[in-house]
Protein chains: 2
Amino acid sequence: MNPPGGRTPVMADVARLAGVSHQTVSRVINGHPNVRQETVLRVQRAIDELGYHRNSTARALVTRRTNVLGVLAFDTTLFGPAQTLAGIERAAREAGYFLSMVSLDDVSPAGVVAAADFLIQQSVEGCIAIAPQRGLVDALASLPGPLPLVAVEGGEGSGLPVVCVDQVQGAEEAVRHLLALGHHTVHHIEGDPLWLESEARAFGWRRALEEAGAPVPEPLQGDWSPRSGYDLGRALVGRRAAGERVTAIFVGNDQMAIGVLRALHEAGLGVPGDVSVVGFDDIPEAEYLTPSLSTVYQDFAQVGRESLALLLGEIGAGRTGSADPAGAGRRVVPAELRQRGSSGPPPP
Amino acid sequence: MNPPGGRTPVMADVARLAGVSHQTVSRVINGHPNVRQETVLRVQRAIDELGYHRNSTARALVTRRTNVLGVLAFDTTLFGPAQTLAGIERAAREAGYFLSMVSLDDVSPAGVVAAADFLIQQSVEGCIAIAPQRGLVDALASLPGPLPLVAVEGGEGSGLPVVCVDQVQGAEEAVRHLLALGHHTVHHIEGDPLWLESEARAFGWRRALEEAGAPVPEPLQGDWSPRSGYDLGRALVGRRAAGERVTAIFVGNDQMAIGVLRALHEAGLGVPGDVSVVGFDDIPEAEYLTPSLSTVYQDFAQVGRESLALLLGEIGAGRTGSADPAGAGRRVVPAELRQRGSSGPPPP
DNA sequence: GACAACATTGTTAGCGTTAACATACGAGGC
DNA sequence: GCCTCGTATGTTAACGCTAACAATGTTGTC
């Protein structure tokens with residue numbers, strides 16, 4: 001089944017075997033209409049016999065389209081980014097695009113530029129950046145060149161098209177839920193202060209408190225890790241021991257919430273009897289913690305789909321040369337509160 | 001800074017601006033020695049001025065090397081695969097390779113072939129498959145064509161080069177640890193039975209029990225999810241109520257272990273007072289659960305590095321035409337027991 | 001039966017790069 | 001001064017594909 005010489009077969013080999021010109025082979029492969037049915041079959045038989053695969057490199061060279069999209073991410077082992085990546089991957093595959101991935105080790109502008117260069121070198125047609133940090137988004141926005149780009153969780157004001165979960169709304173719902181249960185206020189443990197999600201959730205928390213006329217206690221700054229949740233949970237236990245009324249905690253993500261639960265348990269405090277806890281993310285474990293964790297669900301698959309759609313729109317607009325008429329798009333995916341066992345009324 | 005006509009600049013544009021031939025530009029870009037220092041500078045200035053980037057497609061066409069590696073994965077949102085992927089990505093980038101990713105929606109042979117075709121279409125030079133399932137490995141092993149391939153967690157006997165964590169040893173250490181604490185036997189909740197890791201851990205568990213002369217209770221089959229851990233935890237509680245001596249449980253992964261902890265807690269059983277629990281994976285949350293979870297750590301970053309090294313070796317061997325003299329490689333990364341609060345001596 | 005319209009195929013010319021060969025020039029040995 | 005050698009550059013021909021055009025047949029219309 002090999003072409004003369006043992007090389008991997010090329011179009012000309014198929015053409016020779018099928019007794020047609022290489023252009024006819026190309027037509028068959030690309031599903032061009034005006035080819036006789038019998039010829040199509042003959043060519044396909046030849047393709048199968050030789051085990052021919054079209055050389056995508058040569059095709060890309062002449063069509064000027066690589067069919068490759070880039071994904072630039074910061075930490076794909078975290079729950080949110082991993083889910084988003086999976087969503088993008090699936091959407092891209094369904095749209096017939098290949099996906100090339102590059103991770104950032106740090107968010108310095110130099111690192112971002114290097115990563116973007118890496119993708120540009122590879123002639124990606126566009127790029128989705130899972131860009132949860134302020135500095136990263138700014139570095140992206142200032143990239144030279146006409147690379148179509150979409151930022152996931154990119155915040156506002158960067159001028160980039162953005163897809164994000166409505167973090168503010170999610171946080172507000174969580175806080176309102178706790179206030180509605182009768183808590184006089186809600187404490188907050190923030191995620192990594194460099195992350196935009198962290199900022200947005202803190203903003204929603206603050207706004208919900210202010211709207212309800214509740215006091216706004218000083219928030220604590222974590223780094224998303226269970227360890228920081230534990231440490232800051234202990235800090236809150238200390239404040240409570242010092243007389244502060246700490247009966248409800250809105251934690252920036254579920255991993256930190258696990259650390260908080262641990263700290264409360266060590267201090268002999270019941271959840272939700274003494275203190276209520278609400279997290280963010282709805283990791284699969286949340287429902288099976290003890291107690292099960294109230295949290296805010298984000299539809300990452302939807303984020304992935306939306307960001308791909310936005311990127312494809314941009315690529316299309318760039319190809320037709322038309323400027324984006326609606327300006328940089330911004331699509332917001334709603335978040336959804338999941339009430340579970342870790343939130344209840346305050347102690348009397 | 002634009003080339004005539006507003007096209008993206010090509011080598012000839014740079015050559016014209018620098019007053020040299022395009023081949024000299026190529027020499028400068030590729031760091032060829034015999035170019036006068038002054039010429040190098042002139043060319044580099046022209047490159048900067050035009051914002052020129054080499055067209056990787058054209059280069060790949062003529063060199064027959066794409067510098068792209070494929071990663072084929074099943075579910076990259078799970079902890080292990082996500083970590084492994086991150087490790088591979090970093091190693092690939094350091095080696096100057098691009099990474100193209102494709103996920104499998106199902107592990108049917110047809111799905112595997114489609115995914116592999118997708119990568120072959122893209123002219124990847126080789127492929128790493130994060131292939132935790134028996135059927136997937138078999139489908140991979142039977143792929144036609146000379147694509148260099150490495151399987152991560154691919155089990156034995158497939159004929160493919162494999163990198164894996166020593167699941168058996170990890171499981172044995174976990175079980176021996178529990179037996180050493182005085183438990184008369186150890187129960188086991190398996191992961192998804194289709195996964196090789198599941199099989200290997202169950203094998204290690206059984207072997208450790210048999211070596212110690214301990215009875216081997218019927219294992220329970222889960223699916224890695226917290227929910228299945230919870231359900232099977234309740235089942236074990238039931239067996240215990242029926243008189244069976246259940247004092248130690250080795251759980252196939254940490255997520256299921258969380259469900260087990262929940263089930264034990266609901267039944268009023270103390271951990272480790274009444275029942276000891278050991279998981280597998282060492283997810284970041286493990287240390288901060290209540291109680292902190294004893295588990296088995298796997299160095300996924302190392303797995304990523306090793307698999308990339310193995311693949312590059314294969315690619316090199318293929319290029320030089322030399323058959324792999326050592327046969328399909330197999331590299332095993334040791335696992336490591338992490339003793340924490342969820343394992344202790346049995347009740348008297 | 002002549003002409004138009006269409007369906008089917010073939011021929012040619014790139015896409016932007018690198019490899020191979022060709023050329024020009026200066027330095028050094030006899 | 002002639003030849004050799006090494007360095008620096010230019011010229012030409014691929015790589016495997018698609019787009020554009022050209023060249024056939026094949027039908028239908030009047």
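Cut-off values and rules
Residues numbered from 1 in each chain as written. Chains lettered and ligands numbered in written order. Predicted model: local features only at pLDDT ≥ 70, side-chain atom pairs only at ≥ 80, totals over all residues. Heavy atoms only, no water. Pairing = 2+ DSSP bridges. Helix = DSSP H or I, 4+ residues; strand = E, 2+ residues; numbered from the N terminus. Contact = heavy atoms within 4.5 Å. Axes fitted to C-alpha atoms, helices over the stretch in contact; angles between N-to-C directions. Domains from an automatic or database assignment. Core = buried A, V, L, I, M, F, W, Y, C linked by side-chain atoms within 4.5 Å. Buried < 20%, exposed > 50% of the residue type's maximum accessible area, 1.4 Å probe, protein only. Buried area = accessible area lost by both parts, 1.4 Å probe. Salt bridge = Lys/Arg side-chain N within 4 Å of Asp/Glu carboxyl O. Polar contact = N/O pair within 3.5 Å; in protein donor to acceptor, adjacent residues only side chain to side chain. Phe/Tyr/Trp six-rings, centres within 6.5 Å; stacked < 30°, edge-to-face > 60°. Lys NZ or Arg CZ within 6 Å of the ring centre and 35° of its normal. Parallel < 35°, antiparallel > 145°, perpendicular 65-115°, else oblique. Nonpolar A, V, L, I, M, F, W, Y, C, P; charged D, E, K, R; others polar. Near = heavy atom within 4 Å.

> Help me understand the sheet that holds strand β9 (residues 276-278) of chain A, please; the structure alone is not making it clear to me.
In a beta sheet, neighbouring strands pair by backbone hydrogen bonds and run either parallel or antiparallel. Residue and element names in this part refer to chain A. Ordered by their spatial adjacency, four strands build an open sheet running β7-β6-β8-β9, and the pairing between neighbours is parallel. Both edges of this open sheet fall to β7 (220-221) and β9, since each of them pairs with a single strand only. By the bridge criterion, three bridges tie strand β6 (residues 187-190) to strand β8 (residues 248-251) in an arrangement that is parallel. Directly across from H188, in β8, lies its bridge partner F250. In the packing of helix α9 (residues 196-211) onto the sheet, the strands contacted are β6 and β8, and the crossing angle to β6 comes to about 175°.

> Looking at this model, I keep getting lost on the domain arrangement of chain A. Mind explaining?
According to the domain assignment, chain A contains domain 1 (4-54), domain 2 (67-165 + 300-333) and domain 3 (167-298). Inter-centroid distance (C-alpha atoms) of domain 1 of chain A to domain 3 of chain A is 63 Å.

> Looking at this structure, how should I read the nonpolar core?
Nonpolar side chains tend toward joint burial in soluble globular proteins. Among the nonpolar cores identified, the biggest contains 106 residues, and A:L72, A:L140, B:L72 and B:L140 are the most heavily contacted of them. Apart from the residues lying within four places of it in its own chain, the contact partners of B:L72 are B:V102, B:L104, B:A115, B:A116, B:L119, B:C127, B:I128, B:A129, B:I130, B:L136 and B:L140. Membership of the second largest hydrophobic core comes to 78 residues, among which are A:L337, B:V165, B:L178 and B:V303.

> What is the right way to read the interface of chain A and chain B from this model?
Often, the extent of an interface is quoted as the loss of accessible area upon association of its parts. Contacts between the two partners involve 50 residues from chain A, matched on the other side by 50 residues from chain B. At the boundary of chain A with chain B, total buried surface from both sides reaches about 4,500 Å², with 59% on carbon and sulfur atoms. Run the count over chain A and chain B and you get four salt bridges. Across the pair B:R93 and A:D105 runs a salt bridge whose closest N-O atoms are separated by 3.5 Å. Across the chain A-chain B interface, the total number found is 24 residue pairs in polar contact (both at pLDDT 80 or more). When residues of the side of chain A that touches chain B are traced back to their parent elements, those giving at least two are α4 (56-63), α5 (79-94), β2 (98-103), α6 (109-121), α10 (226-241) and α11 (254-266) of chain A.

> Would you explain the packing of aromatic side chains in this entry?
Think of a pair of aromatic rings as described by two things: how far the centres are apart, and how the planes are tilted against each other in angle. Summed over the entire model, instances satisfying the criterion amount to 12 aromatic pairs over all chains. Judged by centre distance (5.9 Å) and plane angle (85°), the ring pair of A:F79 and A:F300 falls under edge-to-face. With A:F79 in helix α5 and A:F300 in helix α12 (residues 300-320), this residue pair connects regions lying 221 residues apart in the sequence. Owing to a relative accessible area of 21%, A:F79 belongs among the partly exposed residues under this scheme. Residue class for A:F300 comes out buried when judged on its relative accessible area of 6%. Directly above the aromatic system of B:Y297 lies the positively charged group of B:R338, at a separation of 4.3 Å from the ring centroid.

> What am I meant to see in the packing of helix α2 (residues 22-29) of chain B against helix α3 (residues 37-50) of chain B here?
What describes two packed helices is the angle between their axes and the distance between those same axes. Residue and element names in this part refer to chain B. The interhelical angle for the contact between α2 and α3, taken along N-to-C directions, is 95°, at an axis separation of 10 Å. Judged by the angle between their axes, α2 and α3 are roughly perpendicular. Residues T24, V25, V28 and I29 of α2 touch α3, and the partners they reach there are T39, V40, V43, Q44 and I47. For the contact of α2 with α3, a count of residues per class yields six nonpolar, three polar and no charged.

> Would you mind going over the protein's contact with DNA strand D with me for this structure?
The environment of DNA strand D is made up of 27 residues, and the closest members are A:M11, A:S26, A:Y52, B:S21 and B:R27. For DNA strand D, the backbone makes up 61% of the atoms found within 4 Å of the protein, where backbone means sugar plus phosphate. Between a base nitrogen of DNA strand D and a main-chain N or O atom of A:A58, the distance comes to 3.5 Å. Of all elements in the fold, only α2 (22-29) and α4 of chain A together with α2 and α4 (56-63) of chain B reach the threshold of two or more residues within the surface near DNA strand D. Ranked by residue count, the leading element in the surface near DNA strand D is α4(A), at five residues. For the surface near DNA strand D, the class distribution of residues is 10 nonpolar, 12 polar and five charged.

> I'm lost on the protein's contact with DNA strand C in this one. Help?
The local shell around DNA strand C holds 27 residues, among which A:R27, A:T39, B:M11, B:S26 and B:Y52 are the closest. Between a phosphate oxygen of DNA strand C and a side-chain N or O atom of A:T24, the distance comes to 3.0 Å. Note that a phosphate oxygen of DNA strand C is positioned 3.1 Å from one of the side-chain N or O atoms of B:N30. Where the surface near DNA strand C is concerned, the elements lending two or more residues are α2 and α4 of chain A together with α2 and α4 of chain B. Take the surface near DNA strand C: its biggest share by element is five residues, from α4(B). Here the residues of the surface near DNA strand C sort into 10 nonpolar, 12 polar and five charged.

> What is the right way to look at the pairing of strand β3 (residues 126-130) of chain A in this model?
Residues and elements named next belong to chain A. Most of β3 sits inside the fold, with five of its five residues counted as buried. Both faces of β3 are covered, namely the face carrying G126, I128 and I130 and the face carrying C127 and A129. Inspection of the sheet shows strand β1 (residues 68-73) paired to β3 by five bridges, in the parallel sense. Looking at the pairing, L72 lines up with A129 of β3. With four bridges joining them, β3 and strand β4 (residues 149-152) adopt parallel strand pairing.

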